[in-house]
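# Working through the structure, step by step
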Amino acid sequence: MRLDKFLSERTPHSRSTVKKLISAGKITVNGSSAVKADMNVTENDSITVEGTPVRTARTLTLLLNKPAGFISATEDKAEKTVIDLLPEEFQNQNLAPAGRLDKDTTGFLILTNDGDLLHKLTSPKKHVPKYYSALLARPFTEEAAQQLSEGIKLRDGTLCKPAEAAAYSRDGRQVLISISEGKYHQVKRMMAAAGNHVEKLHRIGCGELLLPADLKEGECIVLSDNDLCKLLKSGTVFSALFQTLRKTSS
Ligand code: URA
(Lines give C-alpha, C1' and ligand atoms only; values in the text may rest on other atoms or scores of the structure.)
Protein backbone atom coordinates (compact mmCIF):
# COMPACT_ATOMS: atom_id res chain seq x y z
CA MET A 1 0.00 0.00 0.00
CA ARG A 2 1.12 3.60 -0.61
CA LEU A 3 2.96 5.12 2.36
CA ASP A 4 0.61 8.14 2.66
CA LYS A 5 -2.53 5.96 2.65
CA PHE A 6 -0.93 3.46 5.04
CA LEU A 7 -0.09 6.21 7.56
CA SER A 8 -3.40 8.06 7.22
CA GLU A 9 -5.12 4.81 8.31
CA ARG A 10 -2.88 4.26 11.31
CA THR A 11 -2.03 7.71 12.65
CA PRO A 12 -4.04 10.89 13.28
CA HIS A 13 -2.35 12.46 10.19
CA SER A 14 -4.20 13.04 6.91
CA ARG A 15 -2.60 12.07 3.62
CA SER A 16 -1.71 15.71 2.89
CA THR A 17 -0.06 16.08 6.32
CA VAL A 18 1.86 12.86 5.70
CA LYS A 19 3.14 14.37 2.42
CA LYS A 20 4.33 17.48 4.27
CA LEU A 21 6.02 15.35 6.93
CA ILE A 22 7.78 13.38 4.18
CA SER A 23 9.04 16.62 2.58
CA ALA A 24 10.30 17.76 6.00
CA GLY A 25 12.21 14.47 6.36
CA LYS A 26 10.19 13.47 9.43
CA ILE A 27 9.17 10.00 8.29
CA THR A 28 11.51 7.03 8.14
CA VAL A 29 10.95 3.60 6.60
CA ASN A 30 13.30 0.88 7.83
CA GLY A 31 15.74 3.47 9.13
CA SER A 32 15.95 5.71 6.01
CA SER A 33 14.08 8.96 5.42
CA ALA A 34 11.09 8.42 3.17
CA VAL A 35 11.17 10.53 0.02
CA LYS A 36 8.01 9.55 -1.86
CA ALA A 37 4.42 9.44 -0.62
CA ASP A 38 3.59 6.69 -3.10
CA MET A 39 6.35 4.30 -2.06
CA ASN A 40 5.01 0.85 -1.33
CA VAL A 41 5.02 -0.30 2.32
CA THR A 42 3.64 -3.32 4.15
CA GLU A 43 2.96 -4.29 7.76
CA ASN A 44 6.47 -5.81 7.89
CA ASP A 45 8.14 -2.42 7.42
CA SER A 46 9.37 -0.47 10.39
CA ILE A 47 8.07 3.10 10.13
CA THR A 48 8.53 6.14 12.35
CA VAL A 49 6.74 9.50 12.25
CA GLU A 50 8.62 12.32 13.97
CA GLY A 51 10.70 9.70 15.77
CA THR A 52 7.69 7.70 17.07
CA PRO A 53 7.30 4.12 15.81
CA VAL A 54 3.99 3.46 14.06
CA ARG A 55 2.11 0.29 14.94
CA THR A 56 1.97 -1.12 11.44
CA ALA A 57 0.04 -4.34 12.15
CA ARG A 58 -3.70 -4.00 11.78
CA THR A 59 -5.07 -4.38 15.27
CA LEU A 60 -8.47 -3.67 16.70
CA THR A 61 -9.24 -2.19 20.09
CA LEU A 62 -12.75 -1.59 21.38
CA LEU A 63 -14.10 0.24 24.39
CA LEU A 64 -17.20 -1.47 25.77
CA ASN A 65 -19.63 -0.08 28.32
CA LYS A 66 -20.06 -3.35 30.19
CA PRO A 67 -23.44 -4.07 31.73
CA ALA A 68 -23.79 -6.16 34.90
CA GLY A 69 -24.35 -9.89 34.37
CA PHE A 70 -21.52 -10.58 31.90
CA ILE A 71 -18.14 -12.05 32.76
CA SER A 72 -14.84 -10.65 31.44
CA ALA A 73 -13.76 -13.74 29.52
CA THR A 74 -13.71 -14.84 25.90
CA GLU A 75 -15.76 -18.00 26.48
CA ASP A 76 -17.55 -19.81 29.25
CA LYS A 77 -19.80 -22.85 29.42
CA ALA A 78 -22.27 -21.40 31.89
CA GLU A 79 -22.05 -17.60 31.84
CA LYS A 80 -22.62 -14.91 29.23
CA THR A 81 -19.30 -13.25 28.33
CA VAL A 82 -18.46 -9.73 27.19
CA ILE A 83 -17.72 -11.16 23.72
CA ASP A 84 -21.42 -12.10 23.45
CA LEU A 85 -22.22 -8.39 23.61
CA LEU A 86 -20.19 -7.47 20.53
CA PRO A 87 -21.71 -6.92 17.08
CA GLU A 88 -21.24 -9.81 14.62
CA GLU A 89 -18.37 -8.08 12.77
CA PHE A 90 -16.23 -8.13 15.93
CA GLN A 91 -17.07 -11.68 17.06
CA ASN A 92 -14.21 -13.47 15.29
CA GLN A 93 -11.44 -10.95 15.69
CA ASN A 94 -9.58 -12.66 18.55
CA LEU A 95 -10.50 -9.88 20.94
CA ALA A 96 -9.74 -10.38 24.62
CA PRO A 97 -10.60 -8.21 27.61
CA ALA A 98 -7.66 -6.21 28.96
CA GLY A 99 -8.04 -7.03 32.63
CA ARG A 100 -11.20 -8.09 34.36
CA LEU A 101 -14.28 -6.42 35.67
CA ASP A 102 -16.37 -8.54 38.04
CA LYS A 103 -19.65 -9.91 36.75
CA ASP A 104 -21.58 -7.26 38.70
CA THR A 105 -19.20 -4.36 37.85
CA THR A 106 -20.26 -2.06 35.02
CA GLY A 107 -18.51 0.40 32.72
CA PHE A 108 -15.19 0.90 30.95
CA LEU A 109 -13.74 -2.30 29.50
CA ILE A 110 -11.11 -2.51 26.78
CA LEU A 111 -11.15 -5.42 24.35
CA THR A 112 -8.20 -5.81 22.03
CA ASN A 113 -6.34 -8.20 19.73
CA ASP A 114 -3.15 -6.14 20.15
CA GLY A 115 -0.86 -8.27 22.32
CA ASP A 116 1.48 -5.38 23.00
CA LEU A 117 -1.35 -3.15 24.24
CA LEU A 118 -2.79 -6.00 26.32
CA HIS A 119 0.56 -6.34 28.04
CA LYS A 120 0.87 -2.60 28.65
CA LEU A 121 -2.58 -2.44 30.21
CA THR A 122 -2.34 -5.52 32.39
CA SER A 123 1.32 -5.77 33.39
CA PRO A 124 1.77 -5.11 37.12
CA LYS A 125 4.92 -3.15 36.23
CA LYS A 126 2.90 -0.53 34.34
CA HIS A 127 0.99 1.93 36.44
CA VAL A 128 -1.87 3.13 34.31
CA PRO A 129 -4.48 4.63 36.69
CA LYS A 130 -8.01 3.23 36.60
CA TYR A 131 -10.94 5.28 37.87
CA TYR A 132 -13.99 3.80 39.56
CA SER A 133 -17.16 5.15 41.05
CA ALA A 134 -18.28 3.03 44.01
CA LEU A 135 -21.54 3.13 45.95
CA LEU A 136 -20.70 2.19 49.53
CA ALA A 137 -22.93 0.75 52.26
CA ARG A 138 -21.82 3.48 54.69
CA PRO A 139 -20.33 6.98 54.31
CA PHE A 140 -16.65 7.04 53.37
CA THR A 141 -14.53 8.38 56.23
CA GLU A 142 -11.43 10.57 56.33
CA GLU A 143 -9.68 7.74 58.12
CA ALA A 144 -10.45 5.34 55.27
CA ALA A 145 -9.18 7.89 52.72
CA GLN A 146 -5.97 8.19 54.72
CA GLN A 147 -5.53 4.40 54.94
CA LEU A 148 -6.00 4.06 51.18
CA SER A 149 -3.59 6.89 50.40
CA GLU A 150 -0.90 5.23 52.50
CA GLY A 151 -1.41 1.84 50.84
CA ILE A 152 -3.97 -0.30 52.61
CA LYS A 153 -3.37 -3.86 53.81
CA LEU A 154 -6.10 -6.25 52.61
CA ARG A 155 -7.61 -8.74 55.04
CA ASP A 156 -5.37 -11.52 53.66
CA GLY A 157 -2.29 -9.37 54.37
CA THR A 158 -1.70 -8.19 50.77
CA LEU A 159 -0.36 -4.65 50.70
CA CYS A 160 -1.86 -2.34 48.05
CA LYS A 161 -0.16 0.59 46.37
CA PRO A 162 -1.35 4.04 47.51
CA ALA A 163 -4.77 4.88 46.08
CA GLU A 164 -6.66 8.15 45.87
CA ALA A 165 -10.31 8.21 46.95
CA ALA A 166 -12.87 10.86 47.88
CA ALA A 167 -16.62 10.92 48.47
CA TYR A 168 -18.46 13.09 45.97
CA SER A 169 -22.12 12.72 47.04
CA ARG A 170 -23.78 14.58 49.88
CA ASP A 171 -24.43 11.38 51.85
CA GLY A 172 -20.74 10.41 51.53
CA ARG A 173 -21.57 6.99 50.09
CA GLN A 174 -20.56 7.65 46.49
CA VAL A 175 -16.82 7.61 46.08
CA LEU A 176 -14.38 8.24 43.26
CA ILE A 177 -11.39 5.94 43.60
CA SER A 178 -8.26 5.63 41.51
CA ILE A 179 -6.01 2.57 41.62
CA SER A 180 -2.95 1.71 39.56
CA GLU A 181 -2.94 -2.07 39.94
CA GLY A 182 -5.42 -4.80 39.13
CA LYS A 183 -5.62 -7.29 41.97
CA TYR A 184 -8.60 -9.66 42.10
CA HIS A 185 -11.71 -7.80 43.44
CA GLN A 186 -9.31 -5.03 44.40
CA VAL A 187 -11.66 -2.11 45.04
CA LYS A 188 -14.15 -4.28 46.94
CA ARG A 189 -11.38 -5.77 49.07
CA MET A 190 -9.81 -2.35 49.73
CA MET A 191 -13.10 -0.93 50.90
CA ALA A 192 -13.73 -4.02 53.04
CA ALA A 193 -10.29 -3.58 54.63
CA ALA A 194 -11.24 0.04 55.35
CA GLY A 195 -14.37 -1.16 57.18
CA ASN A 196 -16.91 -0.52 54.43
CA HIS A 197 -18.70 -2.49 51.72
CA VAL A 198 -19.07 -1.83 47.97
CA GLU A 199 -22.69 -2.16 46.86
CA LYS A 200 -22.15 -1.05 43.26
CA LEU A 201 -19.01 -0.57 41.22
CA HIS A 202 -18.63 1.23 37.90
CA ARG A 203 -15.36 1.83 36.06
CA ILE A 204 -15.23 5.31 34.56
CA GLY A 205 -11.91 5.35 32.75
CA CYS A 206 -8.31 4.40 32.41
CA GLY A 207 -5.27 6.65 31.89
CA GLU A 208 -6.75 9.80 30.36
CA LEU A 209 -9.49 8.02 28.45
CA LEU A 210 -12.98 8.13 29.94
CA LEU A 211 -16.19 6.31 29.08
CA PRO A 212 -18.08 8.62 26.68
CA ALA A 213 -21.29 9.89 28.29
CA ASP A 214 -23.32 8.83 25.25
CA LEU A 215 -22.02 5.24 25.12
CA LYS A 216 -24.95 3.14 26.33
CA GLU A 217 -24.56 -0.02 28.41
CA GLY A 218 -23.77 -2.97 26.16
CA GLU A 219 -22.47 -0.74 23.35
CA CYS A 220 -18.90 -0.45 22.14
CA ILE A 221 -16.79 1.90 20.00
CA VAL A 222 -13.60 1.33 18.03
CA LEU A 223 -10.73 3.30 19.55
CA SER A 224 -8.60 5.56 17.37
CA ASP A 225 -4.83 5.93 17.73
CA ASN A 226 -5.48 9.18 19.54
CA ASP A 227 -7.71 7.35 22.08
CA LEU A 228 -5.00 4.72 22.52
CA CYS A 229 -2.45 7.42 23.39
CA LYS A 230 -4.82 8.78 26.04
CA LEU A 231 -5.46 5.28 27.40
CA LEU A 232 -1.81 4.73 28.22
CA LYS A 233 -1.17 8.12 29.82
CA SER A 234 -0.51 8.03 33.53
CA GLY A 235 -1.26 11.72 34.14
CA THR A 236 -4.02 12.03 36.69
CA VAL A 237 -7.50 13.25 35.85
CA PHE A 238 -8.75 12.65 39.39
CA SER A 239 -9.52 16.28 40.35
CA ALA A 240 -11.38 17.06 37.12
CA LEU A 241 -13.39 13.84 37.39
CA PHE A 242 -14.18 14.52 41.03
CA GLN A 243 -15.56 17.99 40.21
CA THR A 244 -17.74 16.58 37.42
CA LEU A 245 -19.10 13.79 39.59
CA ARG A 246 -19.80 16.20 42.44
CA LYS A 247 -21.76 18.53 40.15
CA THR A 248 -23.81 15.72 38.61
CA SER A 249 -24.61 14.10 41.97
CA SER A 250 -26.03 17.23 43.61
N1 URA B 1 -12.18 -3.96 41.73
C2 URA B 1 -13.17 -4.82 42.07
O3 URA B 1 -13.37 -5.11 43.23
N4 URA B 1 -13.95 -5.29 41.08
C5 URA B 1 -13.81 -4.96 39.78
O6 URA B 1 -14.58 -5.42 38.93
C7 URA B 1 -12.78 -4.06 39.46
C8 URA B 1 -11.97 -3.59 40.44
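Remember, it's a predicted structure, so these values are computed and weren't measured experimentally. (Residues numbered from 1 in each chain as written. Predicted model: local features only at pLDDT ≥ 70, side-chain atom pairs only at ≥ 80, totals over all residues. Heavy atoms only, no water.)

### Description of the packing of aromatic side chains
Applying the stated criterion across every chain yields a total of zero aromatic pairs. Directly above the aromatic system of Phe70 lies the positively charged group of Lys80, at a separation of 4.8 Å from the ring centroid. (Phe/Tyr/Trp six-rings, centres within 6.5 Å; stacked < 30°, edge-to-face > 60°. Lys NZ or Arg CZ within 6 Å of the ring centre and 35° of its normal.)

### Things to note about the packing of helix 1 (residues 3-10) against helix 2 (residues 15-23)
Each packed pair of helices is defined by two parameters, the angle between the axes and the distance between the axes. At a minimum axis distance of 8 Å, the contact between helix 1 and helix 2 shows a crossing angle of 120°. Comparing the axis directions of helix 1 and helix 2 gives the class oblique. Crossing of helix 1 over helix 2 shows right-handed handedness. Facing Leu3, Asp4, Lys5, Leu7 and Ser8 of helix 1, the residues of helix 2 in contact are Arg15, Val18, Lys19 and Ile22. Here the contact of helix 1 with helix 2 is composed, by residue class, of four nonpolar, one polar and four charged. (Axes fitted to C-alpha atoms, helices over the stretch in contact; angles between N-to-C directions. Helix = DSSP H or I, 4+ residues; strand = E, 2+ residues; numbered from the N terminus. Parallel < 35°, antiparallel > 145°, perpendicular 65-115°, else oblique. Left-handed = near helix turned anticlockwise from the far one by under 90°. Contact = heavy atoms within 4.5 Å. Nonpolar A, V, L, I, M, F, W, Y, C, P; charged D, E, K, R; others polar.)

### Structural notes on the site of the ligand
The environment of the ligand is made up of Leu101, Asp102, Thr105, Tyr132, His185, Gln186, Val187, Lys188 and Leu201. Between the ligand and Asp102 there is a distance of 2.7 Å, counted from an oxygen atom to a backbone nitrogen or oxygen. Residue Val187 places a main-chain N or O atom 3.0 Å away from a nitrogen atom belonging to the ligand. Considering the ligand on its own, with 240 Å² of exposed area, one finds that the protein chains cover 97% of that surface. For the shell around the ligand, the element with the highest residue contribution is helix 5 (residues 186-193), accounting for three residues. Tallied by class, the residues present in the shell around the ligand amount to four nonpolar, three polar and two charged. (Near = heavy atom within 4 Å. Polar contact = N/O pair within 3.5 Å; in protein donor to acceptor, adjacent residues only side chain to side chain. Areas by Shrake-Rupley, 256 points an atom, 1.4 Å probe, with all protein chains shown as cover.)

### Description of helix 5
Every buried residue of helix 5 is accounted for by Gln186, Val187, Met190, Met191 and Ala192. Lining the buried residues of helix 5 we find strand 8 (130-136), helix 4 (142-150), strand 10 (174-179) and strand 11 (198-206). Looking one or two places after helix 5, you find Gly195, whose phi comes out positive at around 85°. (Buried < 20%, exposed > 50% of the residue type's maximum accessible area, 1.4 Å probe, protein only.)

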